[in-house]
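# Summary of structural features
One-letter residues, chain by chain:
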Protein chains: 4
Amino acid sequence: MTRVLLTGFEPFGGETSNPSWDAVQSVAAEPPAWTEVTAVRLSCVFGTAVDELREAVAAYAPHLVLCVGQAGGRPDLTVERVALNLDDARIPDNAGHQPLDRPVVPGAPAAYFASLPVKACVAAVRAAGLSASVSQTAGTFVCNHVFYGLAHLIATEHPGLRGGFVHVPYAPQQVAGAAQPSMSVRDVAAGLCAVVTAAISTTADIRSVEGAIH
Amino acid sequence: MTRVLLTGFEPFGGETSNPSWDAVQSVAAEPPAWTEVTAVRLSCVFGTAVDELREAVAAYAPHLVLCVGQAGGRPDLTVERVALNLDDARIPDNAGHQPLDRPVVPGAPAAYFASLPVKACVAAVRAAGLSASVSQTAGTFVCNHVFYGLAHLIATEHPGLRGGFVHVPYAPQQVAGAAQPSMSVRDVAAGLCAVVTAAISTTADIRSVEGAIH
Amino acid sequence: MTRVLLTGFEPFGGETSNPSWDAVQSVAAEPPAWTEVTAVRLSCVFGTAVDELREAVAAYAPHLVLCVGQAGGRPDLTVERVALNLDDARIPDNAGHQPLDRPVVPGAPAAYFASLPVKACVAAVRAAGLSASVSQTAGTFVCNHVFYGLAHLIATEHPGLRGGFVHVPYAPQQVAGAAQPSMSVRDVAAGLCAVVTAAISTTADIRSVEGAIH
Amino acid sequence: MTRVLLTGFEPFGGETSNPSWDAVQSVAAEPPAWTEVTAVRLSCVFGTAVDELREAVAAYAPHLVLCVGQAGGRPDLTVERVALNLDDARIPDNAGHQPLDRPVVPGAPAAYFASLPVKACVAAVRAAGLSASVSQTAGTFVCNHVFYGLAHLIATEHPGLRGGFVHVPYAPQQVAGAAQPSMSVRDVAAGLCAVVTAAISTTADIRSVEGAIH
């Protein structure tokens, strides 16, 4: 059995739900074959969220960590390729903090690449009949903060651990009346299962055309 | 049993599938309670498509006709409110014709409103956990042509018939690698079931805020 | 000299400016050759706005009326083709009224087509180096209300008058910090000059491919 | 006099013009006060473009280098914050090469931050009445390649040089008939002048809310 830690976030930005948490719970309830999935909900708070992630990694000793967050406005599942050493909050986090232009980890590298086969993950979601793409930015809010925290943890303390970040669209009920893309939580969960399966079964990433012109 | 005629379209514009046809077949295979659903595929051809629709109405004597088409780029199910007496093709249809600025029916009204409870239909899709909105334009291509043809048929020959048009997003496989919204065909079919159920069970439309600022 | 009446709107929806009014004032200050342009600001209020328009038409006896409104989120100048006999407010107007599903003029046609050469107008804006397209819906708020009011006035009382509606994007200062399209007011004014010139110099519209697939 | 090197790109991706080159020529023809601006056109070719940039830096010994590229689909001027050590071409470059998942400079850091006051630059564009934002990704094509090449050149050979990258929207003529945002080249040039002026007159960046949630 492969141990997988999935994290979702609590609601933020005035929303009352967060599809990342709804979806990872659903995956944990019906995990992919040969996996044991633990779902953990992270606070949408700078600092605290990384502490909670670190504790969960210590507690569950996973082989794979997939952090998941809501990217309102994106139309598909996006597998993040780059964690940036930058906190620059557009809105206050759930503890009321709004850091501007600060490093996540002072003195650490400007960025880490995900230790996931990002293109294989995208291909797996598509093979499951859903829409996905590679993303080069996870933003500069708590999602990127957690992603960088995970990547730094892997780089400095858990070199054998694989980990990455997936952004998911709004759930349909979040966009009622707005011309915004959304994805049903059932589809998001199916897509995450595909990502998990690809991540644990692919050692080298595939070569495919997924780059961005800008 | 309420007899429902659902139409979808053949692929067009270089696509190899059309989610409207895939979804209406799926609804016909598992129809909503108390309905008998017939699915008919229309040609994406001006004139011909309305002929096919007229024949299907004659053959099946439905209580409700719901025509469905693909609106690539829209993020949700859109229940059309206005059929316009205008053919103005952006691309050639599947027979190679590209009419410009011609009426669908010379001398007929500039527009018809859908004889569907459009807001109740939108509410029903949302209650099913999916995203929907009211649309004021079905374009000026074959979709609007069929919608106007249906509305004119109802106005002139079948006054008791109810009918409308629903546009659906791209299927995920149509947007692989493009930053475009999509909806899984399973979700589209579930949304269409909700529309059918609302349409046959609602006599007067609900009052709700679904208008468009522009 | 051709007399042209241009109308813009007061701000609405929480905005402190409205690019439609800023731009029509600018056109009036430097009108196109051979035209005399009067700019009138309309209230963003159902009923009142059409009354104000009617008075301005009576007062200035224009040969051409071009009503202009803000379409926040659209990326280009859109020349409206269809005025719909429907008030269905998404938000309250500036007098606090929010009509739902009511006709603009009870008993009048479902829609009017603009009495403008809409494709020639679009071509003229492009020839001026700016972006434009034909639109099939002006929404269901005060903009469409005024457009329908104008079209009905022309149809019933001023058969020789030409008139239409142009929607313009947000001004840049309205979208600071948001990933929304905008157009500088200078460019909007230049585009409106091109529309006016095309409208008064073109008798039959051009044939060009400007239709919408949906 | 402050010496400024501005680079634009030749057309690519089937386009016949590139607004980045049109705009930087315009800035060079009418440079901001107290600056001497040289405009250089770069090939849209991996490797070659960085060679050309390096030669131009050697030839003109600028105090500031601003590389500019086209970001078709973006609605505003975007000041790039992060250069990524990754070539992953979505389409072939103008020499027919399409590198996948290769570093720009093997062994160099995963990313560099721009040595520009990016938030002051954004504020300056807005003060000029135009729309701008900070971007966290310049993509993985030749634009990012040049940006990374510049940042690496600064880091390794020209520590006193300031440099950055600005992406600009499509020009209006590139989007005729498509529902895509654009900006007139005149406005783009005015925005670039504002960026240049801010970059040479600001030593520490301003603190302002410009971060991205995702």
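All figures in this text were calculated on a predicted structure; none of them were measured in a lab.

What follows deals with the interface of chain D and chain A. Residue-level contacts link 37 residues of chain D with 37 residues of chain A. Buried area between chain D and chain A, both sides added, is near 3100 Å², and the carbon and sulfur share of it is 61%. When residues of chain D are sorted by the area they lose upon contact with chain A, Arg90(D), Ile213(D) and His214(D) head the list and together hold 24% of the total. A salt bridge links Asp101(D) to Arg81(A); the nearest nitrogen and oxygen atoms lie 3.0 Å apart. For the side of chain D that touches chain A, the elements supplying multiple residues, two or more each, are strand S5 (82-84) and strand S6 (111-113) of chain D. Residue composition of the side of chain D that touches chain A, by class: 17 nonpolar, 12 polar and eight charged.

This paragraph deals with the packing of helix H2 (residues 48-60) of chain B against helix H4 (residues 142-156) of chain B. All names here are of chain B. Relative orientation of the contacting elements H2 and H4 amounts to 40°, with a least axis distance of 9 Å. Accordingly, the angle class assigned to the pair H2 and H4 is oblique. In the crossing of H2 with H4, the sense of the turn from one axis to the other is right-handed. Facing H2, whose interface residues are Ala49, Val50, Leu53, Arg54 and Val57, H4 presents Val142, His145, Val146, Gly149, Leu150 and Leu153. For the contact of H2 with H4, the per-class residue count stands at eight nonpolar, two polar and one charged.

Another point: the UniProt feature "active site" (unreviewed entry) in chain A. Sites flagged by UniProt as "active site" (unreviewed entry) map to Glu80(A), Cys143(A) and His167(A). For the annotated residues, spread through 88 residues, the largest C-alpha to C-alpha distance comes to 10.4 Å, consistent with a single compact locus. Looking at the secondary structure, you find Glu80(A) in strand S4 (residues 77-80). On the basis of relative accessible area, Glu80(A) is assigned to the buried category, the value being 0%. Every residue in contact with Glu80(A), bar those within four places of it in the chain, is listed here: Arg74(A), Ala114(A), Val118(A), Ser135(A), Gln136(A), Thr137(A), Ala138(A), Phe147(A), Phe165(A) and His167(A). The exposure class assigned to His167(A) is buried, which follows from its relative accessible area of 0%. Among residues more than four places away in sequence, those in contact with His167(A) are Gly69(A), Gln70(A), Ala71(A), Arg74(A), Asp76(A), Leu77(A), Thr78(A), Glu80(A), Ala138(A), Cys143(A) and His214(D).

Attention shifts here to the pattern of salt bridges. Counted according to the given criterion, the structure contains 32 salt bridges over all chains. Two residues, Asp187(C) and Arg186(D), come together in a salt bridge whose shortest N-O distance is 2.9 Å. Taken as a pair, Asp187(C) in helix H5 (residues 185-201) and Arg186(D) in helix H5 (residues 185-201) lie in two separate chains rather than in one. Residue classification places Arg186(D) among the partly exposed residues on the basis of a relative accessible area of 46%. For Glu80(D), the salt bridge identified is with Arg74(D), shortest N-O distance 2.8 Å. Each member of the pair, Glu80(D) together with Arg74(D), is buried.

Conventions and cut-offs
Residues numbered from 1 in each chain as written. Chains lettered and ligands numbered in written order. Predicted model: local features only at pLDDT ≥ 70, side-chain atom pairs only at ≥ 80, totals over all residues. Heavy atoms only, no water. Contact = heavy atoms within 4.5 Å. Buried area = accessible area lost by both parts, 1.4 Å probe. Salt bridge = Lys/Arg side-chain N within 4 Å of Asp/Glu carboxyl O. Helix = DSSP H or I, 4+ residues; strand = E, 2+ residues; numbered from the N terminus. Nonpolar A, V, L, I, M, F, W, Y, C, P; charged D, E, K, R; others polar. Axes fitted to C-alpha atoms, helices over the stretch in contact; angles between N-to-C directions. Parallel < 35°, antiparallel > 145°, perpendicular 65-115°, else oblique. Left-handed = near helix turned anticlockwise from the far one by under 90°. UniProt positions renumbered as here; feature names shortened; annotations may be inferred. Buried < 20%, exposed > 50% of the residue type's maximum accessible area, 1.4 Å probe, protein only.

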